[in-house]
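Here is how the chains run, residue by residue.
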Amino acid sequence: NIPWSRKGMGDADYIYAFQQVVMPIATEFNPDLVIIAAGFDAAEGDMLGGCKVTPAGYAHMTHMLMSLAGGKLAVCLEGGYNLDSIARSATAVSRTLMGQPPDRLEDLSPSASGVDDIKGVLRQQSKFWASLYPKDMSARLAGPLQGERMHDLIRNWQANTMFDEFQMSPLFVHRESLSKSFENQVLAT
C-alpha cells in the first residue's frame, strides 16, 4: 500500500514507487505467479481517481512485473470509472503482455510530494523487507551491548536521534571494505 498525500500523481511518481518499493519487495518475495488487480482508477482522465497515469505508464509497470515469476502473470480488470481511460490503459497493458515494448515515457522526474511519500513507505516497510532501505536503527540499539565500542554506541544513538527527530534517512554505502561501524552513519534529508 503506497498512500499518496495528494491527488494528481502521474507516471513519474508511479514508476518511482515501482522502482523503490514494489519491485524490490516483489523480487524478494519471489512469487510463483503474479496476479494484477488492474484498477485503472489512477488513469489520466478518471475524475474519481484524480491521478494522471498514462497508458504508457501502465504498460511500463506491467513490463516490470513481467520479470517476476518466470513471466507467469494474470491481469484481471477490477476498476476504473472512465470507460475511455480504461480502454486505452487496458489496450496498452495487453500489448505489453503480447510482447510489444511500452511507449516511451516523457517525464520521469517524480514530484517532491511523491518522493516524500515513498520515503515514508520505505521507512515503514524496511522493517519487514531486507531489500529496502533505510533500515530501522532503533532495533540495533535495543540488543545487548556486549562487544560494542563506546564510539559505535554514541554514533548509533546520534544516528537514531537524527532518524527519528528529523526524519533523516541513512544512505546505503555499498563498500565491502568499510567497517560495520560506518553502517547507517551517512544521513540525509
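Reading the values: rules and limits
- Here the residue numbers are simple positions, counted from 1 along each chain's written sequence.
- Restriction of local features to residues with pLDDT of at least 70 applies here, the model being predicted, together with a cutoff of 80 or more for giving and counting side-chain atom pairs; totals for whole chains, interfaces and linings are based on all residues.
- Think of the side-chain values as coming from all heavy atoms in the structure, minus any hydrogens and water.
- Axis angles are defined between N-to-C directions and span 0 to 180 degrees, where every axis is a line fitted to C-alpha atoms and, for a helix, only to the segment in contact.
- To qualify as a helix, a DSSP run of H or I must reach at least 4 residues; to qualify as a strand, a run of E must reach at least 2; elements of each kind are numbered from the N terminus.
- Angles below 35 degrees are treated as roughly parallel, those above 145 as roughly antiparallel, those between 65 and 115 as roughly perpendicular, and all remaining angles as oblique.
- By the definition used in this description, the sense in which the near helix is turned from the far one sets the handedness, with an anticlockwise turn below a right angle giving left-handed and a clockwise turn giving right-handed.
- Two residues qualify as a contact provided that any one of their heavy atoms is within 4.5 Å of a heavy atom in the partner residue.
- Residue polarity follows a fixed list, in which Ala, Val, Leu, Ile, Met, Phe, Trp, Tyr, Cys and Pro are nonpolar, Asp, Glu, Lys and Arg are charged, and the others, Gly among them, are polar.
- By this definition, two strands are paired if DSSP reports at least two bridges between them.
- Throughout, right-handed denotes a crossover for which the path from the first strand over the helix to the second runs clockwise when the strands point away from the viewer.
- Exposure is judged per residue with a 1.4 Å probe applied to protein chains only, and the accessible area is read against the type maximum: over 50% gives exposed, under 20% gives buried, and values in between give partly exposed.

Once that is clear, we can look at the packing of helix 1 (residues 11–29) against helix 2 (residues 55–65). Look at helix 1 against helix 2: their axes get within 10 Å of each other, and the N-to-C directions meet at 15°. In this view, helix 1 runs roughly parallel relative to helix 2, as classed from their interaxial angle. Crossing handedness for the pair helix 1 and helix 2: right-handed. Every residue of helix 2 that contacts helix 1 at Asp-11, Tyr-14, Ile-15, Phe-18, Gln-19 and Met-23 is listed here: Gly-57, His-60, Met-61, Met-64 and Leu-65. Its residues assigned to classes, the contact of helix 1 with helix 2 comprises seven nonpolar, three polar and one charged.

You can see Pro-170 is positioned in strand 3 (residues 169–170). In this structure, the C-alpha to C-alpha distance between Pro-170 and Ala-188, residues 18 residues apart in sequence, is 6.4 Å.

On to the pairing of strand 2 (residues 73–79). Pairing between strand 1 (residues 34–39) and strand 2: six bridges, direction parallel. By the bridge assignment for strand 2, Val-34 is matched with Leu-73. The handedness of the strand 1 to strand 2 crossover, carried by helix 2, is right-handed.

Further remarks concern the side chain of Thr-96. Along the chain, Thr-96 turns up in helix 3 (residues 83–97). On the basis of relative accessibility, which here comes to 2%, the residue Thr-96 falls in the buried class. The residues touching Thr-96, leaving out its near neighbours within four places in the chain, are Ala-59, Thr-62, His-63, Met-66 and Pro-102.

Read these as geometric descriptors, not functional statements.
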